[in-house]
Amino acid sequence: MSKSLFEKVWDAHAVRQLANGQTQLLIGTHLIHEVTSPQAFGMLRDKDLTVQYPHRTFATVDHIVPTNEAVEPYSDPLAQGMIEELRKNCAENNVTFFDTNTGKQGVVHIVGPEQGITQPGTTIACGDSHTATHGAFGAIAFGIGTSQVRDVLATQTIALNKLKVRRINVTGNLLPGVYAKDVILHIIRLLGTQGGTGFAYEYAGDTFDNFTMEERMTVCNMSIEGGARVGYVNPDETTFEYLKGRPYSPTGEAWDAAVAEWKSFASDEGCAFDDVVNIDATEIQPTVTWGITPGQGVGIEENIPTIADAPTQSEKDSIAEALEYMQFEGGSPIKGKKIDVAFIGSCTNGRLSDFEEVAKYVKGHKVAEGVQAIIVPGSQVVAKIAEAKGLDKIFIEAGFEWRAAGCSMCLAMNPDKLVGDQLCASSSNRNFKGRQGSPTGRTMLMSPIMVAAAAVTGEVSDARQVFGFKS
Amino acid sequence: MPATPIKQVSGKGVFVPGDDIDTDRIIPARFMKCITFDGLGEYLFHDVRKTESGEDKKHNLNDPRFAQASILVSGNNFGCGSSREHAPQSILRAGYNAVIAGSFAEIFFGNSINLGVVCVIASDADRKLISAAIEANPEVELTIDVENHKISFGDQSVPCEIKPGARDSLLSGNYDPLAELLEGAGDVAATAGKLSYMQA
Ligand code: SF4
């Protein structure tokens, strides 16, 4: 019987059925970080349990690391305490830790793929909702809570209900100036923030076939923003090419065997899906969010919706709440909103290709007066390569701050924060109220190029016009 | 060893209006700089409750009439966003042990059930009835009957839904799966043995 990748990976990792009908699922690869793991290690100690498969857990530190402070102790004692706790837990339990002095530290969802730890046909879990990022490799990757981090540490398994699978086909060539980020913002706008509840999203179609691994990661990363806990792309030559020669990738004969095995996990031709959605890539515009959920987005040439546009009362209420918080007028153009801060980074768009693309266009431009613009590499590896290519100089020359690796302004657990009701053009993944650190701070999600365009003009702009894209 | 079964929860309610209440709102990230969950209750819905200078805003969660509440009533897609267990932990530690919503985000739902925080779904119209009843009389006792899919309050009662697996776990007291997962260690080793990438 033909099966989807999701079913094949699930079946290969299903240990047994539990009394309540859930499946005990083996988690092959466990990624941990400083925010959601200390309590789990604490629970383990309380129950006198040990880490069962320490060689399958990998740690890094990302959320709390300051990106503008190189030496410890950090000025924030809470942050210092958290990194020390992780160090201690990893050392005591023989867990590999990509610490800040290894040259490999970074945002967990950037580190896993870049080290070759993220592999096709595997199950991956991390106490972080953007774990679906790893699905770009044809892995089934789940964001989990801290009690489940405990479960994985103690048993290498979690209790889970099987998901349904929705295939999302995107076909055609993206227009110039339209990026992977726009694809996922478009999908969420179309299917809604809870459209994916109960589903794994299989992203397919020639748009995805032609995507690089980094583009696939950008899309899979934001699956959770559409309510889907898991998102993946079937592994292909692009996947294998990316993984070849990475530190944790198999080598020699084992490599050939692994590739053959990885290929066998891809969804079978003609297998059944619980739902199928088809999207025409040419309809996707550079997309910008205007509200307080990632589904509240519009194309750059569109206007922000009005309350009257909404068909139901609950949608009217959501629009009203978002407009009030964002201080925007319904029906006004998204273009031209004056920004205070521009942020390029995060596990959605903090990879080398993001920076190369931005550098190509901002060269010769200057960040607008009064705008703070920061660029934060997703990992030390990304930072090093970017610096070797001289990208940092281009950014600094253009008036951006070039920082050290971390989550930075994606969320407010380190010194990078919005102040008051600042409006931020951000390449990250969440525009929730207060997400960027100030309870009244305002976030607009968009692609890195669109952030760069906003940075140099001082307002939300069409990057295609600002940077003269040829169509 | 199962915990005490949770067949029903009773308590006073408080209405927290809005759809898409995300986990950043339930517990803002800046309060997650901690290595234990103790003390998180204090920051539940912090930015919804407090102004930037730390004064109380006008909100049901600050209203002394609802100070005794132990059941939250809210909108659709409750708990969306991050996987942080800090969210249900702060709900629990602030003295709430159940949430009635239009729908729940998946990870939040799973995290909550693991902790024994009862999450049930009720329709828009039924939640309106419940919140109107609370508003009219904050002392009204809500009872969520997990076994019979029912929420009663005063002399009214409305249906509610909960995923069958979660319901079973609550009713049997097995909502924390760790003990059962540990029992499967032999089977886990067998499954892991068949996967090349699991070998040390
Ligand atoms: S970059 Fe943002 S979304 Fe990604 S792991 Fe860090 S805080 Fe979470």
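Starting from 1, residues in each chain are numbered consecutively following that chain's sequence as written. Each chain takes a letter, starting from A, and each ligand takes a number, starting from 1, following the order in which they are written. This being a predicted model, a pLDDT of at least 70 is required before a residue's local features are given, and a value of 80 or more before pairs of side-chain atoms are given or counted; all residues contribute to the totals for chains, interfaces and linings. Side-chain numbers come from the whole structure's heavy atoms, not from hydrogens or water.

1. Regarding the overall build of chain A
Counted only if it meets this: Labels follow the DSSP assignment, with helices taken as runs of H or I lasting at least four residues and strands as runs of E lasting at least two, numbered in each case from the N terminus. Restricting the calculation to C-alpha atoms gives the radius of gyration, and the globule rule supplies 2.2 Å times the number of residues raised to the power 0.38. Only protein chains enter the area calculation, which uses a 1.4 Å probe; residues under 20% of their type maximum are buried, those over 50% are exposed, and those in between are partly exposed. In this analysis, two residues are considered to be in contact whenever any of their non-hydrogen atoms come within 4.5 Å of each other. Surface accessibility follows the Shrake-Rupley procedure with a 1.4 Å probe radius. Residue values consider only the protein chains on display as shielding.
Along the backbone of chain A there are 17 helices and 19 strands. The C-alpha radius of gyration of chain A comes to 21 Å, within 12% of the 23 Å expected for a compact globule of 471 residues. Principal-axis analysis of the C-alpha atoms places the extent of chain A at approximately 55 × 55 × 45 Å. Relative to its 471 residues, chain A shows a buried fraction of 65%. Sequence separation of 24 or more characterises 75% of the internal contacts of chain A that already satisfy a separation of 6 or more. Accessible surface, chain A: about 15,500 Å² in total, of which carbon and sulfur atoms supply 49%.

2. Observations regarding the packing of aromatic side chains
All names here are of chain B. Operational definition: In this scheme Phe, Tyr and Trp rings, the latter by its six-membered ring, pair at centre separations within 6.5 Å, and the angle between planes marks the pair as stacked below 30 degrees, edge-to-face above 60, and tilted otherwise.
Inspection of every chain in the model, using the stated rule, returns 20 aromatic pairs over all chains. Both rings, one in Phe78 and one in Phe104, keep their centres 6.2 Å apart while their planes meet at 80 degrees; by these two values the pair is edge-to-face. On the criterion of sequence distance, the pair formed by Phe78 in the loop between β2 (71–73) and α3 (86–93) and Phe104 in the loop between β3 (98–101) and α4 (106–114) is long-range, its members being 26 residues apart. Its relative accessible area of 1% is what places Phe78 among the buried residues.

3. Quick look at the domain arrangement of chain A
As a measure of interface size, the accessible area lost when the parts come together is often cited. Residues and elements named next belong to chain A. Keep this limit in mind: Reported domain spans reflect what an automatic or database domain assignment gives. Note on terms: buried area is the combined drop in 1.4 Å-probe accessible area of two parts once they are placed together, counting the loss on both. Basic side-chain nitrogens of Lys or Arg form a salt bridge, by our definition, when they fall within 4 Å of a carboxyl oxygen of Asp or Glu. Any pair of N or O atoms that falls within 3.5 Å is considered a polar contact. Within protein, one atom must be able to donate a hydrogen and the other to accept it, and sequence-neighbouring residues count only if both atoms are side-chain atoms. Residues are sorted three ways: Asp, Glu, Lys and Arg are charged, Ala, Val, Leu, Ile, Met, Phe, Trp, Tyr, Cys and Pro are nonpolar, and all the rest, Gly among them, are polar.
In terms of domain boundaries, chain A breaks down into domain 1 (5–264) and domain 2 (287–466). Centre-to-centre, using C-alpha coordinates, domain 1 lies 24 Å away from domain 2. Together domain 1 and domain 2 conceal approximately 3,400 Å² of surface at their shared face, both sides included; 55% is due to carbon and sulfur atoms. Our count for the contact surface shared by domain 1 and domain 2 stands at two salt bridges. Glu225 is paired through a salt bridge with Arg430; the nearest N and O atoms lie 2.6 Å apart. In this assembly, domain 1 and domain 2 are joined by 28 residue pairs in polar contact (both at pLDDT 80 or more). Elements supplying a minimum of two residues to the side of domain 1 that touches domain 2: α4 (108–115), α6 (180–191) and α8 (213–221). Across the side of domain 1 that touches domain 2, the residue classes break down as 15 nonpolar, 17 polar and nine charged.

4. Observations regarding the pairing of strand β7 (residues 156–159) of chain B
All names here are of chain B. Going by this rule: In this analysis, strands are considered paired if DSSP registers two or more bridges between them.
As defined by bridge partners, strand β6 (residues 150–153) adjoins β7 across four bridges and the pair is classed as antiparallel. Counted as the bridge partner of Phe153 is Gln156 from β7. From the end of β6 to the start of β7, which pair antiparallel, there are two residues, and Gly154 there has a positive phi angle of about 55 degrees.

5. A closer look at unusual backbone geometry
All names here are of chain A. Note the cis peptide between Glu72 and Pro73, where omega equals -5 degrees. One non-glycine residue, Gln327, adopts positive backbone phi at about 60 degrees. When you line up the elements, Gln327 lands in the loop between α11 (313–326) and β15 (341–344). In the Ramachandran plot, Ser408 falls in the positive-phi region, its phi being about 50 degrees despite a non-glycine side chain. Tracing the backbone through its elements, the reader meets Ser408 in the loop between β17 (401–402) and β18 (423–426). In this structure Ser408 comes out as buried when scored by relative accessible area, which is 0%.

6. Quick look at empty space enclosed by the protein
Residues and elements named next belong to chain A. Spelled out, the test is: Put plainly, a pocket is an open set of points on a 1 Å grid over the protein atoms alone with protein on both sides within 12 Å along at least five of seven lines, a cavity is a set where a 1.4 Å probe fits but cannot get out, and a lining residue has an atom within 4 Å of a point. Grid points are joined across faces, edges and corners, and a volume is the space filled by probe spheres set on the points.
Counted by the stated rule, this structure contains five cavities of 30 Å³ or more. One number sums up the size of the largest cavity: a volume of about 230 Å³. Lining the largest cavity are 23 residues, with His63, Asp128, His130, Leu411 and Arg435 sitting closest to its centre. Looking at the lining of the largest cavity, the elements with two or more residues in it are α4 and α12 (346–349). Split by residue class, the lining of the largest cavity holds eight nonpolar, ten polar and five charged. Here the lining of the largest cavity spans two domains, and each of domain 1 (5–264) and domain 2 (287–466) adds at least three residues to it.

7. A closer look at the side chain of Asp145 of chain B
Residue and element names in this part refer to chain B. Test applied: Under the convention used here, Asp and Glu are negative, Lys and Arg are positive, and both His and the chain ends fall outside the count.
Within the secondary structure layout, Asp145 lies in strand β5 (residues 141–145). It turns out Asp145 is buried and unbridged, and the closest side chain with the opposite charge, Lys150, is 4.7 Å from it. There is a polar contact of 3.1 Å between the side chain of Asp145 and the backbone nitrogen of Glu147. Discounting chain neighbours no more than four positions away, the residues touching Asp145 are Lys7, Gln8 and Lys150.

8. Some points on the sheet that holds β2 of chain B
Residues and elements named next belong to chain B. Heads up, the rule is: For every element, the axis is a line fit to its C-alpha atoms; helices are fit only across the contacting stretch, and the angle between N-to-C directions ranges from 0 to 180 degrees.
Taken in spatial order, the seven strands of this open sheet run β4-β3-β2-β1-β5-β6-β7, and their pairing is mixed. For this open sheet the edge positions go to β4 (118–121) and β7, each flanked by a neighbour on one side alone. This sheet shows a mean twist of 25 degrees between the axes of neighbouring strands, independent of strand direction. Pairing geometry for strand β1 (residues 8–15) and β2, over three bridges, is parallel. By the bridge assignment, Gly13 is partnered in β2 with Ile71.

9. Thoughts on the environment of Asp47 of chain B
You can see Asp47 of chain B is positioned in helix α2 (residues 46–49). The sequence separation of Asp47 of chain B and Ile27 of chain B amounts to 20 residues, and the corresponding C-alpha distance is 8.5 Å. When sequence neighbours within four positions are dropped, the list of residues in contact with Asp47 of chain B reads Pro439 of chain A together with Pro28, Arg30 and Lys57 of chain B. Side-chain polar atoms of Asp47 of chain B contact the side chain of Arg30 of chain B, separated by 2.8 Å. Within the structure, the side chain of Asp47 of chain B is placed 2.9 Å from the side chain of His46 of chain B, a separation counted as a polar contact.

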